[in-house]
Amino acid sequence: MLAMDIPVSAMAGMILAEGGKKLILSENKNDKLLLRFITLAYAAIFIFPTPVYFFLGWPAWELNYLAPWADSVFDTPIKAAFSYVLLACAVIPTWLGLEIGMNLIKKGKDKLNRIIYIALLLVTGLIIFSLYKQTFNVASTCEKYYAGDTYSLWRCNFVTGISLTYVYFWGSLAIFYFWLKKKM
C-alpha cells in the first residue's frame, strides 16, 4: 500500500546513509555522489518494483481504496501514467531519507538518524494497523472493496506475493547496507 511504501522508502534511504558513513565522511566529493547514485539505483531496482507489482494486481488495495479511477487503467494513457507517480513515490522519499541521513551523520548525529528510521518503521506499523480494514481485506478494485467482495491478506496467493516482495526488499536492503559498510 502506498501509505506504507513512502515511509519505508525514506527509512531505506536513512539506513543506506548509515551503511555509507565512510563515504559521507570522506573528503572526496565523488564518494558522496557515488552513495547518491547507489541509493537512487537501489530505489529504482529494489523499491519501485513492489508498488508496481501491487498496482498491477491489486490497484485499489495499493492505493488504499481511495482512487476508484484505478479500477480501469487499461487503454487510458493518463491513468497508466500513474506508474510514474509510483516511481516518484519510491525514489524521492529514498533520496530525501538519504539526504537527511547524510546531513545527520556529517553533524555526528548518527544515533538520531537511527532513531528516526526506527520511528519511521514504527509509523509504518501504525499505518498498517490504523488502516486495518483496508490492509487486511484485499480487493483488486474499489468496486469490489465497497461491495464487501474482499478476501484476507493471509490468503495463500496474496500472502505468497507479499512475502516474496518483503524478502526482496528487506534482503536487498541488508545486502546493500553491509556491502556499503564493508566495501566503502
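Residues numbered from 1 in each chain as written. Predicted model: local features only at pLDDT ≥ 70, side-chain atom pairs only at ≥ 80, totals over all residues. Heavy atoms only, no water.

Undergrad: Just checking my understanding: could you explain the overall build of the protein for this structure?
TA: Looking only at helices and strands, the protein has 11 helices and 2 strands in total. Taking 2.2 N^0.38 as the reference for a compact globule, 184 residues should give roughly 16 Å; the C-alpha atoms of the protein span a radius of gyration of 18 Å, in line with that estimate. Taken along its principal axes, the extent of the C-alpha atoms in the protein is 60 × 35 × 25 Å. Evaluated residue by residue, the protein yields a buried proportion of 47% over its 184 residues. Counted over contacts in the protein with a minimum sequence separation of 6, partners at least 24 positions apart contribute 75%. Approximately 9,900 Å² of the protein is accessible, and the part contributed by carbon and sulfur atoms is 71%. Here the protein holds 17 positive side-chain charges and 11 negative ones, and the gap between their average locations is 12 Å. (Helix = DSSP H or I, 4+ residues; strand = E, 2+ residues; numbered from the N terminus. Rg over C-alpha atoms; globule rule 2.2 N^0.38 Å. Buried < 20%, exposed > 50% of the residue type's maximum accessible area, 1.4 Å probe, protein only. Contact = heavy atoms within 4.5 Å. Areas by Shrake-Rupley, 256 points an atom, 1.4 Å probe, with all protein chains shown as cover. Lys, Arg positive; Asp, Glu negative; His and termini not counted. Charge placed at Lys NZ, Arg CZ, Asp CG, Glu CD.)

Undergrad: Got a minute to help me understand the state of the cysteines in this structure?
TA: Simply put, the disulfide is a covalent bond whose two ends are the sulfur atoms of two cysteines. One pass over the structure, following the stated rule, counts 0 disulfides. Cysteine 89 provides the cysteine sulfur closest to cysteine 142, a residue in no disulfide bond, and the two sulfurs are 17 Å apart. (Disulfide = S-S within 2.5 Å.)

Undergrad: Even after reading the chapter, I still don't get a nonpolar patch on the surface, so can you show me in this structure?
TA: There is a patch of nonpolar side chains on the surface, built from Leu40, Ile92, Trp95, Leu96 and Ile100 and spanning about 420 Å² of accessible area. Ranked by residues supplied to the nonpolar patch, first place goes to helix H7 (residues 82-106) with 4 residues. With respect to the helices and strands, the residue leucine 40 is situated in helix H3 (residues 29-47). (Patch = residues over 30% accessible without salt bridge, like charges linked within 9 Å, V, L, I, M, F, W, Y side chains within 5 Å. Salt bridge = Lys/Arg side-chain N within 4 Å of Asp/Glu carboxyl O.)

Undergrad: Whenever I open this one, the nonpolar core confuses me. Can you help?
TA: Where a protein is soluble and globular, its nonpolar side chains tend to be buried together. Formed by 39 residues in total, the largest nonpolar core has its most connected members in Tyr42 and Phe169. For this core, the secondary-structure elements that each account for two or more residues are helix H1 (2-19), helix H2 (21-25), H3, H7, helix H8 (110-130) and helix H11 (156-183). Other than its neighbours up to four places away in sequence, tyrosine 42 contacts Ala12, Leu16, Ile47, Phe169, Ser172, Leu173 and Phe176. Grouped together as the second largest cluster of nonpolar side chains are 19 residues, Phe54, Trp61, Ile127 and Cys142 included. (Core = buried A, V, L, I, M, F, W, Y, C linked by side-chain atoms within 4.5 Å.)

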